[in-house]
Each structure stands twice: as structure tokens, then as C-alpha cells.
Amino acid sequence: EPEVTQTPSHQVTQMGQEVILRCVPISNHLYFYWYRQILGQKVEFLVSFYNNEISEKSEIFDDQFSVERPDGSNFTLKIRSTKLEDSAMYFCASSPGTGQDTQYFGPGTRLTVL
Amino acid sequence: QKEVEQDPGPLSVPEGAIVSLNCTYSNSAFQYFMWYRQYSRKGPELLMYTYSSGNKEDGRFTAQVDKSSKYISLFIRDSQPSDSATYLCAMRASGTYKYIFGTGTRLKVLA
């Protein structure tokens, strides 16, 4: 069964460093998303991406964040200058062209900012 | 008041019990409602999706939406130990795909 994959599973970085979180969505899916989940808190929407551009973003997704689909298979989230409060689990998701409500999540990348 | 509220649990039930999981919300614009299951150290997995009010059944799972009370429920019949997980509700309004999630209810089904 096709699935969303994410790398790395755990990323440790120093405050102020740039990190790139990588995702391979399910092939032939058209919509891509990033969510985050701070430990013990709810899953929060960050951004959705369609047709090589951002379709929606939350207030969390400020200028420190960017997304890219550099080729036909990868979808990345870049955090330019990490802060302590960026420590969280980051989930990538994708959905088919038939509807954005059916979202398939990856296993997540745990980001720890020291 | 939080937009979406969900009792964090944990909720412990014996195997075979009927489980009722609930969320309340404050935004009357929400029309699309989802239930996800999340196992430890995994991403959320979509279980049920309902639009507006009413019931929807899929195997052992039934989702109910009561928009007048701003209350949604997920029922699990004949619960199994493998159902032990955290259950997340999520919802959105029309015209946006920004889903608002609840904090999740941790369920333990005891063998």
C-alpha cells in the first residue's frame, strides 16, 4: 500500500540553524500539507500546497518557513532560523486530486531545537 | 473558549465494550468533520469523514454530528485491544482546508 514517507525521523539542531524536513508524498497525489504537533498539544495546520504554490497557510507559517517541491517526488519544509519553540513533531500529508479531505499522513519528523 | 475541545482521557474500557468519543466546538461555521486514529509515534490515520449533521457508519465505527449542539461523536463497537490509540477529531469550515484539531482522547482497550 502506498504511503507518505518522511526523513529524517529525528532531527536535532542548534537554535538559529536552518533545517530542511523532507517528505515523499504518495505518487499521483496532488495536494500536499505540513502540520506540526508540539509535545502534548494538538496537531496544527501549517500550510497546503497545490500546483507548485501555497494554497493556504496558517498564522504559524511566517517568513521563517518555506515549502518547496524541488522535483516530482519530494516536498520539503524549510525553517530558516530555528527557535526553541519550533521543537515539535512535523507531519507531512498528501491527498489525491479527488478531494482534500482524504489526507494521508506520514510518520513525522521529530525536530529538537537546542 | 477553545475552538475544539476534546477530553484527553485516558479512557480505559474492557474488550468488547462500546466506546464513545466526543468533541465539542464553538465555531458554527464548521461543516466538515473528521476522526483520526493516531498510534504512538505514528502519523494520524483517517477513520471517518462526515459532512454537516447526521450519522455515518463504517464497519465497527459510527460518526455522529449534531450541529445544533456543536457536538460530534465517534462510537466504536466491539472494541479490540488493537483500537488502543489516541483519537483526534478535526473540523473545518467551507471554503478552507485548514482543519482545526482537538487535542485527542487516549483510549485503552483492555484484553
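Above this text sits the structure in question.
Overview of the structure. Because the structure is a prediction, the values reported are computed rather than measured.

Cut-offs applied
- Residues numbered from 1 in each chain as written.
- Chains lettered and ligands numbered in written order.
- Predicted model: local features only at pLDDT ≥ 70, side-chain atom pairs only at ≥ 80, totals over all residues.
- Heavy atoms only, no water.
- Phe/Tyr/Trp six-rings, centres within 6.5 Å; stacked < 30°, edge-to-face > 60°.
- Helix = DSSP H or I, 4+ residues; strand = E, 2+ residues; numbered from the N terminus.
- Buried < 20%, exposed > 50% of the residue type's maximum accessible area, 1.4 Å probe, protein only.
- Lys NZ or Arg CZ within 6 Å of the ring centre and 35° of its normal.
- Pairing = 2+ DSSP bridges.
- Axes fitted to C-alpha atoms, helices over the stretch in contact; angles between N-to-C directions.

## Side note on the packing of aromatic side chains
As enumerated under the stated definition, the model contains 15 aromatic pairs over all chains in all. On the numbers, 5.0 Å between centres and 35 degrees between planes, the contact of A:Tyr35 with A:Phe105 is tilted. Highlighted residues: A:Tyr35 in strand E4 (residues 31-37) and A:Phe105 in strand E10 (residues 104-105), separated in sequence by 70 residues. Using a relative accessible area of 0% as the deciding quantity, one classes A:Tyr35 as buried. A relative accessible area of 10% places A:Phe105 in the buried class. An angle of 80 degrees between the planes, with centres 5.8 Å apart, marks the rings of A:Tyr35 and B:Phe101 as edge-to-face. Residue A:Tyr35 is found in strand E4, and its partner B:Phe101 is found in strand E10 (residues 100-101); the two belong to separate chains. Here A:Tyr35 and B:Phe101 have matching classes, each one buried. By the ring-pair criterion, three or more aromatic residues cluster together here, those being A:Tyr33, A:Tyr35, A:Phe45, A:Phe91, A:Phe105, B:Tyr36 and B:Phe101. Stacked on the ring of B:Tyr32, the Lys or Arg B:Arg92 has its end atom at 3.7 Å from the ring centre. A cation sits over an aromatic face here: B:Arg92 above B:Tyr97, 4.0 Å from the ring centre.

## Looking at the sheet that holds strand E1 (residues 5-7) of chain A
Residues and elements named next belong to chain A. Here we have four strands laid out as an open sheet, ordered E1-E3-E8-E7, and antiparallel in their pairing. Two strands bound the open sheet, and with one partner strand each, they are E1 and strand E7 (65-68). Averaged over all neighbouring strand pairs, the angle between strand axes comes to 20 degrees, with direction disregarded. Both E1 and strand E3 (residues 19-24) contribute to a ladder of three bridges, which runs antiparallel.

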